[in-house]
Amino acid sequence: VLMSTDQTLPKNVVGILADCGYTSPKAIIKKVIKTDMHLPPNMLYPFVKLGARLYGHFNLEEDSPINAVKNAKVPMLFIHGDKDNFVPTYMAALLHNACTASYKDILIVKGADHAMSYKEGKEEYEQKVGEFIEKFIKKSTRGCFFYAFFFLENLLMALSACSSVREQKSSVPIPQTKKVPKI
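Residues numbered from 1 in each chain as written. Predicted model: local features only at pLDDT ≥ 70, side-chain atom pairs only at ≥ 80, totals over all residues. Heavy atoms only, no water.

Our next topic: the packing of aromatic side chains. Counting across every chain of the model gives 4 aromatic pairs. The interplanar angle of 40 degrees and the centroid separation of 6.3 Å between the aromatic rings of Y103 and F132 together place this pair among those described as tilted. Of the two residues, Y103 sits in the loop between α4 (89-98) and β3 (104-109) while F132 sits in helix α6 (residues 122-136), which places them 29 residues apart along the sequence. Pairing Y118 with Y125 gives two aromatic rings, centres 5.3 Å apart and planes at 85 degrees, and the pair type is edge-to-face. Y125 matches Y118 in its accessibility class, with the two residues each being buried. These aromatic residues form a ring-pair network of at least three members: Y103, F132 and F136. (Phe/Tyr/Trp six-rings, centres within 6.5 Å; stacked < 30°, edge-to-face > 60°. Helix = DSSP H or I, 4+ residues; strand = E, 2+ residues; numbered from the N terminus. Buried < 20%, exposed > 50% of the residue type's maximum accessible area, 1.4 Å probe, protein only.)

So, in C-alpha cells, the structure goes:
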C-alpha cells in the first residue's frame, strides 16, 4: 500500500493507515537475512534480488515505500510497535519523516511487537485511528481509505468504517464476504 502513495489513486481513497510499514524491500530482506537467519546479508541479498528478477519478473530495487511517501498524495497515519522484532521501529520514523503528505501522523505503541499494536495499545490505537477516520473519511464525500495492516481486528475496523461511509454516501451495493472454510 505504501508504494502506491505517490500514484494517482481512486477518488474514494482519502487516506492511508500504515501499520508496521517498512522502508524498502531491500532493507527488510537484508534485515531478515542478518537478524533472523544469522547469515551475511551483503553476500546473500544479490541472490534474492536475482531470484525476484528471474522467477517473479520484477526488480526489488525499482521502487520502495520510502521513495513513494516522498510524493504522497493523501493523508497518512503511520502505526508501529516499539518492540517490533520483524520490521524495526526506526523504519516507521524514517517513513514518517520522509512523507510529504498534506497531513501525516505517527503512533508508536509501547510494548507492541510486530502487528500487535492494536492488541497492546487498543485504547490509544482506536483513538488515533478514530481521529483519522473522523478527520478524513467521515467528512469526505469520496468514501474510503487504504489500510496497510497485519492484524485481523484492524481489518475488521477498517472494513466497518469503509462500509458505513459507503452505505451513507453511495447507492453502490457492498459485496458480502463469503464464509472462510476451516482448513
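A cluster of nonpolar side chains, contributed by L50, L54 and Y55, occupies part of the molecular surface with about 370 Å² of accessible area. We classify Y55 as exposed; its relative accessible area is 71%. (Patch = residues over 30% accessible without salt bridge, like charges linked within 9 Å, V, L, I, M, F, W, Y side chains within 5 Å. Areas by Shrake-Rupley, 256 points an atom, 1.4 Å probe, with all protein chains shown as cover. Salt bridge = Lys/Arg side-chain N within 4 Å of Asp/Glu carboxyl O.)

Another aspect to go through is the pattern of salt bridges. In this structure the tally under the stated criterion is 4 salt bridges. Residue D36 is joined to K31 by a salt bridge in which the shortest nitrogen-to-oxygen separation is 3.4 Å. Residue class for D36 comes out partly exposed when judged on its relative accessible area of 36%. Owing to a relative accessible area of 12%, K31 belongs among the buried residues under this scheme. The shortest N-O distance in the salt bridge between D105 and K128 comes to 2.9 Å.

For the rest of this paragraph, the subject is helix α2 (residues 41-56). When α2 is considered as a whole, its buried residues turn out to be P41, Y45 and A52. Along the long axis of α2, the arc covered by the buried residues comes to 35 degrees, so they all point the same way. Pointing more than 90 degrees away from the buried face of α2 are the exposed residues M43, F47 and Y55. The inward-facing, buried residues of α2 abut α1 (25-36). The positive-phi residue at the C-terminal boundary of α2 is H57, with phi of around 60 degrees. (Arc of directions from axis to C-beta. Contact = heavy atoms within 4.5 Å.)

Further remarks concern the nonpolar core. Among the nonpolar cores identified, the biggest contains 15 residues, and L2, I16, V69, M76, F78, L95 and C99 are the most heavily contacted of them. Mapped onto this core, the elements with two or more residues apiece are β1 (13-19), β2 (76-81) and α4. Broken down by element, the residue count for this core peaks at 3 residues, all from β1. Among the nonpolar cores identified, the runner-up in size contains 14 residues, and L77, I79, L107 and A112 belong to it. (Core = buried A, V, L, I, M, F, W, Y, C linked by side-chain atoms within 4.5 Å.)

This part takes up the packing of α1 against α2. The relative placement of two packed helices comes down to the angle between their axes together with the axis-to-axis distance. Close contact between α1 and α2 brings their axes to 9 Å; oriented N to C, the two are set at 125 degrees. Judged on the interaxial angle alone, α2 and α1 are oblique. Remark: the crossing between α1 and α2 carries right-handed chirality. Together, K26, I29, K30, I33 and K34 of α1 and P41, N42, L44, Y45 and V48 of α2 make up the contact between the two elements. In the contact of α1 with α2, the residues fall into 6 nonpolar, 1 polar and 3 charged. (Axes fitted to C-alpha atoms, helices over the stretch in contact; angles between N-to-C directions. Parallel < 35°, antiparallel > 145°, perpendicular 65-115°, else oblique. Left-handed = near helix turned anticlockwise from the far one by under 90°. Nonpolar A, V, L, I, M, F, W, Y, C, P; charged D, E, K, R; others polar.)

Time to look at the pairing of β2. Of all the 6 residues making up β2, 6 are buried; the element is thus mostly covered by neighbouring parts of the structure. Burial along β2 is two-sided: the face carrying M76, F78 and H80 and the face carrying L77, I79 and G81 are both buried. Where β1 and β2 come together, 4 bridges link them in parallel fashion. The residue of β2 that forms the bridge with I16 is M76. Note: β2 against β3, 6 bridges, orientation parallel. Bridging across to β3, M76 finds its partner in K104. In this fold, β2 hands off to α4, which returns the chain to β3; that crossover is right-handed. (Pairing = 2+ DSSP bridges. Right-handed = clockwise from strand over helix to strand, strands pointing away.)

Keep in mind these values describe shape, not function.
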